[in-house]
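Each chain is listed here by its residues.
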Amino acid sequence: MFKNELIIDGRKFKSRLMIGTGKFQSNEVMKQAIEASGAEIVTVALRRVDIENPEDDLLRHIDMEKYLLLPNTSGARDATEAVRLARLARAAGCEPWVKLEVTPDPYYLLPDPIETFKAAEILVKEGFKVLPYINADPILCKRLEEIGTVTVMPLGAPIGTNKGLKTVENLKIIIEQSNIPVVVDAGIGAPSHAAYAIELGADAVLVNTAIATAGDPVKMATSFKLAVEAACVARDAGMPTEKQYADASSPLTGFLRD
Amino acid sequence: MSFYDEISKYNWSEVKDFIYSRKEPDVLNAINKNALSLEDFAALLSPAAEKFLEPMAKESHRITLQRFGKTIKIYIPMYVSNECVNSCVYCGFNVHNKFKRKTLTLDEVKLELDVIKKTGIKHILICSGEHPKKVSVDYLNEVVKLARKDFSSIIIEVQPLDENEYRILYNSGADSLALYQETYNKDTYKEVHLGGKKTDYRYRLEAPERAAAAGLRTIGIGALMGLDDFRVEEFFVGLHARYLMRKFWKTHITVSFPRIRDAEGHFKPTYLINDKNLVQSMLSLRLFLHDVGLVISTREPAELRDKLIYLGVTQMSAGSKTNPGGYAAGEEEGKQFEVEDTRSAEEFIESVRKKGFDPVLKDWDSSFINAV
């Protein structure tokens, strides 16, 4: 039975929605949106915060007791930079969890598969729980799983585009083949996109732009919470499978007898 | 091949004629497109587009919100020297202008940094006149190392350098370059740069490429608005930005729109650039290149800056002093130009907040660079 519970490396989370903290108009609005979303995992760009300073304005708005602060390495152009950032966060006292982002292209922020893999290898060996942001590449997902990342985070569409699940065929393969949680990250622009990802079988979704840039971010966060929960309930209810042909209510072969 | 070769394919007056020949349907077509061609960009810069600034503004706001969110990155300049060997007719630092010249000692730099860091802004722009001896790479290197202790992002706005010199500064912690071509018109460039190394149009034009090749992460370009026809200038700014984005795909490009301000020497700009012209330039750039950073400095007055926040700008300076020693020593003399937005950094940051935007004081971490 599908449980409305996300387990990553043995750690349990009630919500399957993760939240990003960029692009909000203020840290106060961000804080309210996080609360409304029901998320328990909050990712923060390390480049945005003074990680060693608990009084940092952004960090102050995130209750570390309540949320798992997931530092991300956005801005890193290669494995070396990403690893350095992750180590910095751990040295500053963060839990050894890291959302690995290696995005050399500053415009579409598309992940570099080779550098991401290299960084993941190093960080896993150093004891980090690595959640890598990647393109929706089923083979890369298996390779990352083999080296010990705790999730894979394939994109639905380029970051910030709100285009939804444009990589759906590959996402289906990834979900089918994965032994670790699959978190659909990037591109989710509407609650219906998030629900669709969960209905497809994704273990969780990560949303940022769609909430942060909404007219009312707090209301939008609530909407995403409800959409993800609705999809969870639907999965629990047993999603009817897609079929190529309709089931006739009067079977065509009903006249056949044993 | 460099951008010099690229721009050499264009003829200034032909481009100008093309821009001025654009009609309303060309403008409407461009506004409604997703991916704009150079021809579309020209249409947005044309006089015909002036009637459509409102829909352009709405589109620019929408794109900016999607790509950057409700955030404004804040930076603060620190002038380390007003000594200069060039003779640029529009600039207060012109070698022929008579005023007290000064290059900060490293101790004075430390004092300046101490005052600036109290603003909480972590992005610092190191500015100077162009005096390769007084403001040498060695000197700049020491300044960058000092700044790196308290600032997470260091932007340099100094004389164009060789690639290996940019690499030295990058390795010490500088991550960004701001370097304006002033004018992309070669003939005008010659007329306004009368002496000094800056007379070399090509060396300056190719500097952003040398900096990007050396590893610098953000490159800021722009034309000094008022030296020539802004529509043509901004067309070439856009062409330059697109060229750099495609060639240096790991480098983030920003565009500034500095208008000539009153300075020592009291140069009167050849072309008067009104607010409408400035806004049209910004909006056209945003619609043409969705992801470039758009920068507005304190050259612009407070009331205008407050309104520009909604139109696509992504980066703004705050609390600027444009002379060496302007912060710690309270020096008033030797400014490059008069600042129009005279609000303190704190006042400006608060004003951004009140407008419903997040003033981002830190968006970079120096640990990205394995500085020595």
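Here the structure is a predicted model, which means the values were calculated and not measured.

(A) The pattern of salt bridges, seen in detail. Residue and element names in this part refer to chain B. A full pass over the atoms with the stated rule returns 41 salt bridges over all chains. With a shortest N-O distance of 3.7 Å, D107 and K110 are connected by a salt bridge. Residue D107 and its partner K110 are both found in helix 6 (residues 106-117); the two are separated by three residues, about one turn of the helix. Classification of D107 as exposed rests on a relative accessible area of 53%. A relative accessible area of 41% means that K110 is categorised as partly exposed. The partner of D306 in a salt bridge is K355, with the nearest N and O atoms 3.5 Å apart. Taken together, the residues D306 in helix 14 (residues 302-308) and K355 in the loop between helix 15 (345-354) and strand 11 (358-360) connect sequence positions 49 residues apart. Salt bridges linked by common partners bring R305, D306, D341, R343 and K355 together as one network.

(B) Representation of the layout of surface pockets. Approximately 630 Å³ is the volume found for the largest pocket. Residue lining of the largest pocket: 19 residues in total, with Y108 of chain A together with N34, A35, H290 and D291 of chain B positioned closest to the centre. Mapped onto the lining of the largest pocket, the elements with two or more residues apiece are helix 5 (53-68) and helix 12 (230-247) of chain B. At four residues, helix 5 of chain B tops the list of elements feeding residues into the lining of the largest pocket. The residue inventory of the lining of the largest pocket, partitioned by class, reads nine nonpolar, four polar and six charged.

(C) Representation of the packing of helix 5 (residues 138-147) of chain A against helix 6 (residues 168-177) of chain A in the model. Residues and elements named next belong to chain A. Closest axis-to-axis distance for the helix 5/helix 6 pair is 9 Å, and the angle between their directions is 30°. Taken together, the axes of helix 5 and helix 6 lie roughly parallel to each other. Every pair of crossing elements has a handedness; the one defined by helix 5 and helix 6 is right-handed. Residues P138, C141, K142 and E145 of helix 5 form the contact with helix 6, whose participating residues are N170, I173, I174 and Q177. A breakdown of the residues in the contact of helix 5 with helix 6 according to their chemical character gives four nonpolar, two polar and two charged.

(D) Spatial organisation of the interface of chain B and chain A. Each partner contributes residues to the interface: chain B has 31 residues there, and chain A has 30 residues. Buried surface at the junction of chain B and chain A, both sides included, amounts to about 2,500 Å², of which 47% is carbon and sulfur. In this assembly, chain B and chain A are joined by three salt bridges. Between D358 of chain B and R48 of chain A there is a salt bridge whose closest N-O contact spans 3.0 Å. If you look at where chain B meets chain A, you find 19 residue pairs in polar contact (both at pLDDT 80 or more).

(E) Structural detail: the packing of aromatic side chains. Residue and element names in this part refer to chain B. On inspection of all chains with the given rule, the structure shows twelve aromatic pairs over all chains. Judged by centre distance (5.4 Å) and plane angle (55°), the rings of F3 and Y243 are tilted. Note that F3 is positioned in helix 1 (residues 3-7) and Y243 in helix 12, a separation of 240 residues in sequence. Owing to a relative accessible area of 13%, Y243 belongs among the buried residues under this scheme.

(F) Inspection of unusual backbone geometry at higher detail. If you check the backbone angles, L109 of chain A has positive phi at about 55° while not being a glycine. Tracing the sequence through the fold places L109 of chain A in the loop between strand 6 (97-100) and helix 4 (113-125). Of note, E182 of chain B is a non-glycine position whose phi angle comes to about 70°, a positive value. Residue classification places E182 of chain B among the buried positions, given a relative accessible area of 9%.

Reading the values: rules and limits
- Residues numbered from 1 in each chain as written.
- Chains lettered and ligands numbered in written order.
- Predicted model: local features only at pLDDT ≥ 70, side-chain atom pairs only at ≥ 80, totals over all residues.
- Heavy atoms only, no water.
- Salt bridge = Lys/Arg side-chain N within 4 Å of Asp/Glu carboxyl O.
- Helix = DSSP H or I, 4+ residues; strand = E, 2+ residues; numbered from the N terminus.
- Buried < 20%, exposed > 50% of the residue type's maximum accessible area, 1.4 Å probe, protein only.
- 1 Å grid on protein atoms, 1.4 Å probe; cavity = no way out; pocket = protein on both sides within 12 Å on 5 of 7 lines; lining within 4 Å.
- Points joined across faces, edges and corners; volume = space filled by probe spheres on them.
- Nonpolar A, V, L, I, M, F, W, Y, C, P; charged D, E, K, R; others polar.
- Axes fitted to C-alpha atoms, helices over the stretch in contact; angles between N-to-C directions.
- Parallel < 35°, antiparallel > 145°, perpendicular 65-115°, else oblique.
- Left-handed = near helix turned anticlockwise from the far one by under 90°.
- Contact = heavy atoms within 4.5 Å.
- Buried area = accessible area lost by both parts, 1.4 Å probe.
- Polar contact = N/O pair within 3.5 Å; in protein donor to acceptor, adjacent residues only side chain to side chain.
- Phe/Tyr/Trp six-rings, centres within 6.5 Å; stacked < 30°, edge-to-face > 60°.

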